[in-house]
Amino acid sequence: PQAASPVSEGNAAFAAGRYDEARDLYVRAVFSDERDGYVKVLYAWSNFALGDYDVAAAAIRRALLTTPDLVTYPMDLRTLYSDPAVLDRQTDALLRFLADRPDHREAQLVWGYLLYSIGQADRAASVFNGLAGADANDTIVLRLRDAAVRAAQSPPPAPQTPNP
């Protein structure tokens, strides 16, 4: 039998709430393919789960530089969680962090990308717009803002019905 990949093992650890282990496995995967932005996003989300928002933001930035498609098509964070209530609690922790530190740009970036990745493009665009207003030279934030605005203005896709 073939050994499980660090990514699949990391996803299993993440779903089980073992975020330190998941982060270590994602690091192994990043080292094995530095060009894989998706693994960098997984690494970012494991750091978000651990409350390390600076590292999460840096990993998001590197992921978007490595794999520009992640600007337009973010990976849905919800798919990593076996229990949506855990994501809600971690999101609440991030919001408490931001309430105490409203000028923390990197935590705001994580918050914006989290919203964007769970399909709340309109709220994400608002976060990114605030960040862009504070630093018009942050090209990653500008690209995210523009993509989120486009996504928010696009109608949701029509439900697909199978052909009889």
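A brief report on the enclosed structure follows. (Residues numbered from 1 in each chain as written. Predicted model: local features only at pLDDT ≥ 70, side-chain atom pairs only at ≥ 80, totals over all residues. Heavy atoms only, no water.)

### Comments concerning the overall build of the protein chain
- For the protein chain, the helix and strand inventory stands at nine helices and zero strands.
- For the protein chain, the succession of helices and strands along the chain, N to C, is α-α-α-α-α-α-α-α-α.
- Compactness check: the protein chain gives a C-alpha radius of gyration of 16 Å against a globular reference of 15 Å for 164 residues, within 12% of the reference.
- Taken over the C-alpha atoms alone, the protein chain extends approximately 50 × 50 × 30 Å along its principal axes.
- For the protein chain, buried positions account for 41% of its 164 residues.
- Intrachain contacts of the protein chain at a sequence separation of at least 6 include 57% that bridge at least 24 residues.
- When the accessible surface of the protein chain is split by element, carbon and sulfur atoms take 53% of a total near 8,900 Å².
- If you average the places of the 16 positive and of the 21 negative side-chain charges in the protein chain, the two averages end up 2 Å apart. (Helix = DSSP H or I, 4+ residues; strand = E, 2+ residues; numbered from the N terminus. Rg over C-alpha atoms; globule rule 2.2 N^0.38 Å. Buried < 20%, exposed > 50% of the residue type's maximum accessible area, 1.4 Å probe, protein only. Contact = heavy atoms within 4.5 Å. Areas by Shrake-Rupley, 256 points an atom, 1.4 Å probe, with all protein chains shown as cover. Lys, Arg positive; Asp, Glu negative; His and termini not counted. Charge placed at Lys NZ, Arg CZ, Asp CG, Glu CD.)

### Notes on the environment of Ala29
- Structurally, Ala29 can be placed in helix H2 (residues 19–32).
- With relative accessibility at 5%, the residue Ala29 sits in the buried group.
- Setting aside its immediate chain neighbours within four residues, Ala29 contacts Pro6, Val7 and Val39.

### What about the packing of aromatic side chains?
- Scanning all chains against the criterion turns up eight aromatic pairs.
- Ring plane angle 75 degrees and centroid distance 4.9 Å describe the contact between Phe14 and Tyr19, whose orientation is recorded as edge-to-face. Per residue, the accessibility class of Phe14 equals that of Tyr19, and both read buried.
- An aromatic cluster of three or more residues is present, and its members are Trp45, Phe48, Tyr53, Phe97, Tyr113, Tyr116 and Phe128. (Phe/Tyr/Trp six-rings, centres within 6.5 Å; stacked < 30°, edge-to-face > 60°.)

### Some words on the side chain of Thr67
- Of note, Thr67 is situated in the loop between helix H4 (53–66) and helix H5 (69–72).
- The exposure class of Thr67 is buried, given its relative accessible area of 12%.
- Setting aside chain neighbours within four positions, we find Thr67 in contact with Arg35, Asp36, Gly37 and Tyr38.

### Looking at the packing of H4 against helix H7 (residues 105–117)
- Two numbers describe how H4 lies on H7: the axes approach to 8 Å, and their chain directions differ by 60 degrees. The angle between the axes of H4 and H7 places the two elements in the oblique class. When you trace H4 past H7, the crossing you get is left-handed. Mapping the contact onto sequence places Tyr53, Asp54, Ala56, Ala57, Ile60, Arg61 and Leu64 in H4 and Glu106, Ala107, Leu109, Val110 and Tyr113 in H7.
- Counted by class, the contact of H4 with H7 contains nine nonpolar, no polar and three charged residues. (Axes fitted to C-alpha atoms, helices over the stretch in contact; angles between N-to-C directions. Parallel < 35°, antiparallel > 145°, perpendicular 65-115°, else oblique. Left-handed = near helix turned anticlockwise from the far one by under 90°. Nonpolar A, V, L, I, M, F, W, Y, C, P; charged D, E, K, R; others polar.)

### So, the pattern of salt bridges
- A complete count under the given rule lists nine salt bridges for this structure.
- Notably, a salt bridge pairs Asp138 with Arg105, separated by 3.0 Å at the nearest N-O pair. Taken together, the positions of Asp138 in the loop between helix H8 (121–134) and helix H9 (139–153) and Arg105 in helix H7 put the pair 33 residues apart, joining distant regions of the chain.
- The class of Asp138 is buried, set by a relative accessible area of 9%.
- Residue Asp146 is joined to Arg145 by a salt bridge in which the shortest nitrogen-to-oxygen separation is 3.1 Å.
- Judged by its relative accessible area of 34%, Asp146 falls in the partly exposed class. (Salt bridge = Lys/Arg side-chain N within 4 Å of Asp/Glu carboxyl O.)

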